[in-house]
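Residue-level structure breakdown
The primary structure of each chain is shown beneath.
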Amino acid sequence: MDNVVDDKKVNQVVGSRNGENREGEGAPTPGYELPLLLLGGFRSLIDRLHAELARQGHPDLRPAHGFALQAIGPGGATASEIGRRLGVSKQAAGKTVDRLEALGYAERADDPADARRKVVRITPRGLDALTRSAAVFDELRADWVRTLGAAPVRDMEAALRTVVPPEAFRLDASSWFAGA
């Protein structure tokens, strides 16, 4: 199988196939299209989210920051815990926390249970960003419903819940690209 650059998709090197392969039109859709379409859908939602968050007063917030804020959680977490949840080193988590702290989204505080540790907590600005994110995601889903219809979106969500195991809901997606 030849490798070609497919600029019509994501400008990646993919296996070459003859003709348009679509379900119900002869040969099946190539397997690589499913993860690319899922990634493309995810990416379009995240890009639109961050454009709207920037418009609403959070121009410096990046997708990695959202993962980190989720890893901090409502009760706070240490840098080691954040690193484990994100699948990165304590040092990498510390750098992300430094950036969140500089932007006003997180703060470090003494751990009441252990004076040697610091706990990272989400600030009111961070909570505002998360609250706005939830509202924007609701709006983005509503856009998909307007475009595709309510039943297809519900069916897609139900189908994905069937094939995506619960343990797949993890925050360490960024670790896939570490060391790349």
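Fair warning: this is a prediction, and the values are worked out from it, not measured in the lab. (Residues numbered from 1 in each chain as written. Predicted model: local features only at pLDDT ≥ 70, side-chain atom pairs only at ≥ 80, totals over all residues. Heavy atoms only, no water.)

In this sheet, strand β4 (residues 114-122) lies alongside strand β3 (residues 106-111) in antiparallel orientation, the contact comprising six bridges. In the strand pairing of β4, Ala 109 is matched with Val 119. Counted along the chain from β3 to the antiparallel partner β4, the turn is two residues long. (Pairing = 2+ DSSP bridges. Helix = DSSP H or I, 4+ residues; strand = E, 2+ residues; numbered from the N terminus.)

Right, let's talk about a nonpolar patch on the surface for a bit. Taken together, Leu 34, Leu 38, Leu 148, Met 156, Leu 160 and Val 163 make up a surface patch of nonpolar side chains, about 530 Å² in accessible area. In terms of residues, the nonpolar patch owes the most to one element, helix α6 (residues 150-163), which gives three residues. Assignment of secondary structure puts Val 163 in helix α6. Classification of Val 163 as exposed rests on a relative accessible area of 61%. (Patch = residues over 30% accessible without salt bridge, like charges linked within 9 Å, V, L, I, M, F, W, Y side chains within 5 Å. Areas by Shrake-Rupley, 256 points an atom, 1.4 Å probe, with all protein chains shown as cover. Salt bridge = Lys/Arg side-chain N within 4 Å of Asp/Glu carboxyl O. Buried < 20%, exposed > 50% of the residue type's maximum accessible area, 1.4 Å probe, protein only.)

Before going further, it helps to spend a moment on the layout of surface pockets. In this structure, the largest pocket encloses a volume near 2,100 Å³. Around the largest pocket, the lining comprises 43 residues; the ones closest to its centre are Leu 38, Phe 42, Leu 45, Ile 46 and Phe 169. Counting residues per element, the ones that place at least two in the lining of the largest pocket are α1 (33-55), α2 (63-72), α5 (124-148) and α6. Per-element tally for the lining of the largest pocket: the top contributor is α1, with 14 residues. (1 Å grid on protein atoms, 1.4 Å probe; cavity = no way out; pocket = protein on both sides within 12 Å on 5 of 7 lines; lining within 4 Å. Points joined across faces, edges and corners; volume = space filled by probe spheres on them.)

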